[in-house]
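Next come the chains, spelled out residue by residue.
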Amino acid sequence: MNHIKPLLLAMLLAVAIPYSGGYTQTFDGLDEMLFNPKTTIGGYGEMHYNQVKQENGTSTGTLDFHRFVLFYSHAWTEQWSLKSEIELEHNFVKGGQGELELEQAFVDYHHSTAFGFQAGVILPSVGLINEYHEPPLFFGVERPYYAKYIVPTTWFGNGAAVYGNLLGVDYRFVLMEGLDGSKFSASSGLRSGRQKGYKAEATHPLINLKLESRAITGLIFGGSFSHMKAPDTLNSVSKVNPTTLAEIHLDLNRVGLIVKGEFGQINYGKPELVSGVKSARGYYLDLGYDIASALNLKGELIPWFRYSDINTAAVSEGVDASIEADHHDSQWMVGIQLKPIPQVVYKLDYGKLTPENGTASTLFNLAVGYMF
Amino acid sequence: MKIPILITAIIRVVLLAPLVLSAGVGEETESILRQVFPGADGFEFTAIELDLTAKKQAERASGQAFQMEKVFLWQIRDGADIIGFAVLDNVLGKVQPITYLAVYDSQLSIVEVQVIRYREQHGGAVQNLSWLDQFKGFASDSGFMLGEHIDGITGATLSANALTRGVKRMTVYLSLTVQTN
């Protein structure tokens, strides 16, 4: 070697010579040296350009710094830490415009791979995107419609969770504030029922269980089941709408090929409280392929295609069945995303949204996003 | 409803869990080294202050700063011959440090990388041996680009990036400071 450092060598020799083949320093204090209490900052953000052209001729274009998010965290010990996520949406908050949200703020006790416990503002484990919603992690400028109308991301609230990995399977069980049943609707599913940790009605909690495998590198598959009584707060909390959301999801990323898909269904126990809607269901499928290495480029360059089909009133009861067609949308999208480094993404996509009853529209979106 | 039983069980585990002691990180690492080098008869551990010149070069080459002020180094011997080296090091995950072990042959080619302590809920897939096996055979002059030479991991982007840079940093550092045959 050209760069032998005399001092270091002397130290190594000093250790090696007197007790050749046996001497070793003790491990005293090693565990402590490998951990220091630390405060860390992370975050993500995304700016979007969204152009929508209706087939009847109207068109809109908006430029929006959609999300600016800071993760502020502190680790007291190897097991005990605080995690938080503060989000500014739409760059400005005043009179109902924009939002300032505390999306996560919990004390995490990480005992081991097999078991951890969290309490505070947490995210339920539903689908691919709710817990992993940084812009470099999903295709498309906007999250899939599925992640808005079937799984209402970002879904957060006050509660507690146990999590871990047993026999190669990730599990997480969440007990948290439920959803406000009076705000469920035929057009947006559970979305408006989120209480967002604001003085949440908590007599009827949500239970959520996720099982997922991440044991094979490049393959994630799993599912979750959530159940809540969803009190109708407009009338009285004694009037409840037992509601379930069941979903399965898959994310395959092997040799440049990326396949993502989710399927979910919401069942309302009392359709009469949701304009006669008994079930909502939807799915999407993404296919992408990284062509960067074929073009001899650094980073990732991924053209992708998405098909999605969402019906927030898929099954109705006691009302005119036309409600089902009125809330059925299909959509295709093509896009390309460039990641010069894993934490930065540029996105461009184009697609068409076709309601079963209604006017179709074409969509064109651009974005820049980051995470750290 | 069975929830109260579950909550009782959770509380019991949370209260009792801190009382359960695990083996020290040093002993745990050495038992892994004994599996990697079954024929070795000496595992000499030293904690050495970082060499500042080599530190700067390794940080520049990897784009990542050292988290530790010392190098935790094993020399593995078969009689009088050094047959390998190993280092225990930290990189910063999302919030908590990730402690990993990089094991080298006598010429400083990587023979094994393992995560010894992972302290977070998310990103645990960096512990998968099938992913870590990609580092085998790498040396200080290898490419260590995530997504190019090493596959990224969905759901563990930051951890995978940190670990890839960390292994490069340590490999470059050792190439500058350790005497090989």
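Here the residue numbers are simple positions, counted from 1 along each chain's written sequence. Going through the entries in the order they are written, you letter the chains from A and number the ligands from 1. Given that this is a predicted model, residues contribute local features only at a pLDDT of at least 70 and side-chain atom pairs are listed and counted only at 80 or more, while totals for whole chains, interfaces and linings are drawn from all residues. Values shown for side chains rest on all heavy atoms present in the structure; no hydrogens or waters enter the calculation.

Caption draft 1: Representation of the overall build of chain A within the structure. The way it works is that DSSP assigns letters per residue, a run of H or I at least four long becomes a helix, a run of E at least two long becomes a strand, and they are numbered from the N terminus. Within chain A one finds four helices and 18 strands. Structurally, chain A occupies a C-alpha span of about 90 × 55 × 45 Å along its principal axes. Remark: exposure states derive from per-residue accessible area (1.4 Å probe, protein chains only) relative to the maximum for the residue type, with buried under 20%, exposed over 50%, and partly exposed in between. Residue burial in chain A is summarised as follows: out of 372 residues, 50% are buried. The Shrake-Rupley method, run with a 1.4 Å probe, gives the accessible areas here. Residue values count only the displayed protein chains as cover. About 16,600 Å² of surface is accessible on chain A, with carbon and sulfur atoms providing 62% of the total. The average position of the 28 basic charges and that of the 38 acidic charges among the side chains of chain A differ by 2 Å. A residue counts as positive if it is Lys or Arg and as negative if it is Asp or Glu; His and the chain ends are not included. All charge positions are set by atom: Lys at NZ, Arg at CZ, Asp at CG, Glu at CD.

Caption draft 2: Region of the structure containing the environment of Glu112(B). All names here are of chain B. Position of glutamate 112 relative to the elements: it lies in strand E5 (residues 110-117). As a C-alpha pair, glutamate 112 and isoleucine 32 span 80 residues in sequence and 9.9 Å in three-dimensional space. Pairs of N or O atoms are called polar contacts if they sit within 3.5 Å, as long as, within protein, a hydrogen donor faces a hydrogen acceptor (for residues adjacent in sequence, only side-chain-to-side-chain pairs). Separated by 2.9 Å, the side chains of glutamate 112 and glutamine 114 make a polar contact.

Caption draft 3: Quick look at helix H2 (residues 25-36) of chain B. One less than the residue count of a helix, multiplied by 1.5 Å, gives the span that helix is expected to have. Between its terminal C-alpha atoms H2(B) stretches 17 Å, which fits the 16 Å expected from 12 residues at 1.5 Å a residue. Residues Val25(B), Gly26(B), Thr29(B), Glu30(B), Ile32(B) and Leu33(B) constitute the buried set of H2(B). Buried residues along H2(B) cover an arc of 160° about the axis, so they all sit on one side. Tucked inside the fold, the buried residues of H2(B) contact helix H2 (30-33) of chain A together with strand E1 (42-49), strand E2 (70-78), strand E3 (81-92), strand E4 (97-105) and E5 of chain B. Taking the helix axis as origin, the arc is that swept by the directions to the C-beta atoms. For this analysis, residues touch if any pair of their heavy atoms sits within 4.5 Å.

Caption draft 4: Region of interest: the pattern of salt bridges. The salt bridge criterion pairs a side-chain nitrogen of Lys or Arg with a carboxyl oxygen of Asp or Glu, the two atoms within 4 Å. Evaluation of the coordinates by the stated rule reveals 28 salt bridges over all chains. A salt bridge links Lys352(A) to Glu55(A); the shortest N-O distance between them is 3.1 Å. Taken together, the positions of Lys352(A) in strand E17 (residues 344-355) and Glu55(A) in the loop between strand E1 (38-54) and strand E2 (59-75) put the pair 297 residues apart, joining distant regions of the chain. Taking relative accessible area as the criterion, Glu55(A) reaches 53% and is therefore assigned exposed. Of the charged contacts in the structure, one is a salt bridge between Lys70(B) and Glu49(B), with a shortest N-O distance of 4.0 Å. Here the residue Lys70(B) occupies a position in strand E2, and Glu49(B) occupies one in strand E1, the gap between them amounting to 21 residues. Using a relative accessible area of 48% as the deciding quantity, one classes Glu49(B) as partly exposed. Each of Glu131(A), Asp170(A), Arg172(A), Lys210(A), Glu212(A) and Arg214(A) takes part in salt bridges that share partners, so that together they form one network.

Caption draft 5: Representation of the environment of Gly159(A). Residues and elements named next belong to chain A. Checked against the element boundaries, glycine 159 lands in strand E6 (residues 157-166). For the pair glycine 159 and valine 344, spaced 185 residues apart in sequence, the C-alpha separation works out to 32 Å. Once residues within four sequence positions are removed from consideration, glycine 159 is found in contact with Gln118, Ala119, Gly120, Ile122, Leu175 and Met176.

Caption draft 6: Representation of the pairing of E17(A). Residue and element names in this part refer to chain A. The two faces of E17 differ: Val345, Lys347, Asp349, Gly351, Leu353 and Pro355 on one face are buried, but Val344, Tyr346, Leu348, Tyr350, Lys352 and Thr354 on the other face are not. Where strand E16 (residues 328-341) and E17 come together, 11 bridges link them in antiparallel fashion. Residue valine 334 lies in a different strand from E17, and its bridge partner there is tyrosine 350. We treat two strands as partners when DSSP finds at least two bridges between them. Turn length for the E16-E17 hairpin, with the two strands adjacent in sequence and antiparallel, is two residues. With 10 bridges connecting them, E17 and strand E18 (residues 361-371) associate as antiparallel partners.

Caption draft 7: Spotlight on the confidence of the model for chain B. The predictor attaches a confidence to each residue, called pLDDT, with possible values from 0 through 100. When pLDDT is averaged along chain B, the result is 89; 87% of the residues meet or exceed 70. Taken over the whole predicted complex, pTM reads 0.87, whereas the ipTM for its chain interfaces reads 0.82.

Caption draft 8: Seen up close, the side chain of Ser213(A). Residue and element names in this part refer to chain A. Residue position: serine 213 is located in strand E8 (residues 206-213). Judged by relative accessible area, serine 213 falls into the buried class, the value being 12%. At 3.4 Å, the side chain of serine 213 forms a polar contact with the backbone nitrogen of alanine 215. Other than its neighbours up to four places away in sequence, serine 213 contacts Gly168, Leu219, Ile220 and Phe221.

Caption draft 9: Region of the structure containing the sheet that holds E5(B). All names here are of chain B. Strands sit in the order E1-E2-E3-E4-E5 across an open sheet of five strands; the sheet is antiparallel. Every interior strand has two partners, whereas the edge strands, E1 and E5, have only one. Taking each pair of neighbouring strands and ignoring which way they run, the sheet shows an average axis angle of 20°. One ladder, built from seven bridges, connects E2 with E3; its direction is antiparallel. Looking across to E3, one finds that phenylalanine 72 is bridged to leucine 88. To get an axis, fit a line to the C-alpha atoms, keeping to the stretch in contact for a helix; angles then go from 0 to 180 degrees between the N-to-C directions. Across the face of the sheet, H2 comes into contact with E1, E2, E3, E4 and E5 while running at roughly 150° to E5.

Caption draft 10: Region of the structure containing the packing of helix H3 (residues 52-62) of chain B against helix H5 (residues 157-177) of chain B. Residues and elements named next belong to chain B. The contact between H3 and H5 brings their axes to 8 Å, and the two run at 145°. In the crossing of H3 with H5, the sense of the turn from one axis to the other is right-handed. Mapping the contact onto sequence places Ala54, Lys55, Gln57, Ala58, Glu59, Ala61 and Ser62 in H3 and Arg165, Lys168, Arg169, Val172, Tyr173, Leu176 and Thr177 in H5. Two helices cross in a left-handed way if the nearer one is turned anticlockwise from the farther one by less than a right angle. They cross in a right-handed way if the turn is clockwise.

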